[in-house]
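# Structural characterization, general
This is what each chain is made of:
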Amino acid sequence: MKRVATVIRLRPEKEQEYRKLHTTVWPEVLAALDRAHIGNYSIFLRDGLLYSYYEYTGDDLHTDLARLAEDERTQQWWQLTDPCQEPVTSAADGEWWAPMEEVFHDDGPR
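These numbers come from a predicted model, not from an experiment.

### Some words on the pairing of strand S2 (residues 38–46)
The sheet contact formed by S2 and strand S3 (residues 49–56) spans seven bridges and is antiparallel. The partner of Ser42 across the bridge, within S3, is Tyr53.

### Description of unusual backbone geometry
Cis geometry marks the peptide bond from Gly108 to Pro109; its omega dihedral reads -15°. Although it is not a glycine, Asn40 sits at a positive phi angle of roughly 50°. We classify Asn40 as partly exposed; its relative accessible area is 48%. Within the chain, Asp47 stands out as a residue other than glycine whose phi angle is a positive 50°. Turning to its location among the elements, Asp47 is positioned in the loop between S2 and S3. Here Asp47 falls in the exposed class, since its relative accessible area comes to 68%.

### Re the packing of aromatic side chains
Scanning all chains against the criterion turns up three aromatic pairs. Seen in terms of ring centroids, Trp26 and Trp77 are 5.2 Å apart; in terms of plane orientation they differ by 70°. Their pairing is edge-to-face. Here Trp77 lies in helix H4 (residues 72–81) and Trp26 lies in the loop between helix H1 (15–21) and helix H2 (27–35), a separation of 51 residues in the sequence. Across the ring face of Trp26, the terminal group of Arg73 is positioned such that the distance to the ring centre comes to 3.8 Å.

### Quick look at H2
Among all positions of H2, only Val29, Ala32 and Leu33 are buried. The buried residues of H2 occupy an angular sector of 100° when the element is viewed end-on, so they sit on one face. Set apart from the buried face of H2 by more than 90 degrees, the exposed residues are Pro27, Asp34 and Arg35. Check the buried side of H2 and you find it contacts S2, helix H3 (61–70) and H4. Phi turns positive, to about 65°, at His37, one or two residues after H2.

### Things to note about the pattern of salt bridges
Under the counting rule described, the total for this entry stands at nine salt bridges. Between Glu86 and Arg11 there is a salt bridge; the shortest N-O distance is 3.5 Å. Of this pair, Glu86 sits in strand S4 (residues 85–86) while Arg11 sits in the loop between strand S1 (2–10) and H1, placing them 75 residues apart in sequence.

### Description of the side chain of Gln85
Within the secondary structure, Gln85 is located in strand S4. Side-chain polar atoms of Gln85 contact the side chain of Trp96, separated by 2.6 Å.

The rules we used
- Residues numbered from 1 in each chain as written.
- Predicted model: local features only at pLDDT ≥ 70, side-chain atom pairs only at ≥ 80, totals over all residues.
- Heavy atoms only, no water.
- Pairing = 2+ DSSP bridges.
- Helix = DSSP H or I, 4+ residues; strand = E, 2+ residues; numbered from the N terminus.
- Buried < 20%, exposed > 50% of the residue type's maximum accessible area, 1.4 Å probe, protein only.
- Phe/Tyr/Trp six-rings, centres within 6.5 Å; stacked < 30°, edge-to-face > 60°.
- Lys NZ or Arg CZ within 6 Å of the ring centre and 35° of its normal.
- Arc of directions from axis to C-beta.
- Contact = heavy atoms within 4.5 Å.
- Salt bridge = Lys/Arg side-chain N within 4 Å of Asp/Glu carboxyl O.
- Polar contact = N/O pair within 3.5 Å; in protein donor to acceptor, adjacent residues only side chain to side chain.

Function cannot be inferred from these measures alone, as they are strictly geometric.
Here it is as structure tokens:
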């Protein structure tokens, strides 16, 4: 299992729209995440930043993310969510959600 965290800015004027979209995520989008071996997926909001965390259980994250991006229903979902977001200033060219470095993890209990 691989833990993945990313960050992106939430446009302030789009916060309510973004929250509303995520109260009823489309079942087809959730199924596409399952097919991509993505689970335990959460998005958090603080001070205009969206932080996502998920656990990847597949063998080829790059390929699974590419397949997820090819999913028609997921593309339709992103057409609604993408206008609510903007990359952080430190994102690489072409990067939307910027990857974060894990600096600590504890599986506890000991």
